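Structure assessment
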Amino acid sequence: VQLQASGGGLVQAGGSLRLSCASSRNTFRINSVGWYRQAAGKERELVASITSGGIIKYADSVKGRFTISRDNAKNTTYLQMNSLKPEDTGVYYCHADQRWGPHTYDFWGQGTQVTVSS
């Protein structure tokens with residue numbers, strides 16, 4: 001599985017951005033796709049994820065502001081980010097996990113920088 005992330009940028013607080021994660025190559029058996037972020041000096045954290053069955057998880061800090069969605073026809077997962085705050089600043093990474101029997105494989109896309117100015 002290859003993941004291509006895009007959509008980051010610089011935005012003022014209160015603004016919006018939409019991240020896209022396009023998956024290609026052996027995309028079947030993908031169990032979930034998610035977005036993680038890593039702020040400077042901090043550990044990478046889960047922002048949102050969506051399973052093939054449509055189960056969605058959000059970090060408490062983004063609930064009500066971010067929306068994750070999938071377009072299965074395009075093999076693309078989106079993260080709509082509204083009401084952005086400076087603390088949302090970081091490098092956002094797309095992640096997918098694929099299951100083959102008892103084994104789970106993790107895939108990461110390149111990061112995309114999101115900077116929210118106050």
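These remarks concern the structure in this document. Numbering of residues starts from 1 in every chain and runs along the sequence as written. Totals for whole chains, interfaces and linings use all residues, but because this is a predicted model, local features are given only for residues with pLDDT of at least 70 and pairs of side-chain atoms are given and counted only at 80 or more. The side-chain numbers reported here are obtained from all heavy atoms of the structure, hydrogens and water having been left aside.

Structural notes on the packing of aromatic side chains
Pairing of aromatic rings covers Phe, Tyr and Trp, the last through its six-membered ring, and needs centres within 6.5 Å; plane angles under 30 degrees mean stacked, over 60 mean edge-to-face, and all others mean tilted. Inspection of every chain in the model, using the stated rule, returns two aromatic pairs. Ring geometry for Tyr93 against Trp108: centres 6.5 Å apart, planes inclined by 85 degrees, an arrangement best described as edge-to-face. In this pair, Tyr93 is assigned in strand E9 (residues 90–100) and Trp108 in strand E10 (residues 103–108), connecting sequence segments 15 residues apart. Exposure classes here rest on a 1.4 Å probe applied to the protein chains alone. A residue is buried below 20% of its type maximum, exposed above 50%, and partly exposed in between. For Tyr93, a relative accessible area of 18% gives the class buried. Residue Trp108 is classed as partly exposed on the basis of its relative accessible area, which comes to 39%. A network of ring pairs unites the aromatic residues Tyr36, Tyr93 and Trp108 as a single cluster. Two conditions define a charge located above a ring, namely a distance within 6 Å from the ring centre to NZ of Lys or CZ of Arg, and an angle within 35 degrees of the ring normal. The cationic tip of Arg44 hangs over the ring face of Tyr93; the distance from NZ or CZ to the ring centre is 3.7 Å. Runs of E in the DSSP output that reach at least two residues are strands. Runs of H or I that reach at least four are helices, and both are numbered from the N terminus.

Things to note about a nonpolar patch on the surface
Each patch is built from residues that are more than 30% exposed by relative accessible area and take part in no salt bridge. Like charges join if they lie within 9 Å; nonpolar side chains (Val, Leu, Ile, Met, Phe, Trp, Tyr) join within 5 Å. With residues, only the protein chains shown are counted as cover, and all accessible areas are computed by Shrake-Rupley using a 1.4 Å probe. Throughout this description, the term salt bridge denotes a Lys or Arg side-chain nitrogen within 4 Å of a carboxyl oxygen of Asp or Glu. Taken together, the side chains of Phe28, Trp100 and Tyr105 define a hydrophobic patch exposed on the protein surface, amounting to about 320 Å² of accessible area. When you line up the elements, Trp100 lands in strand E9.

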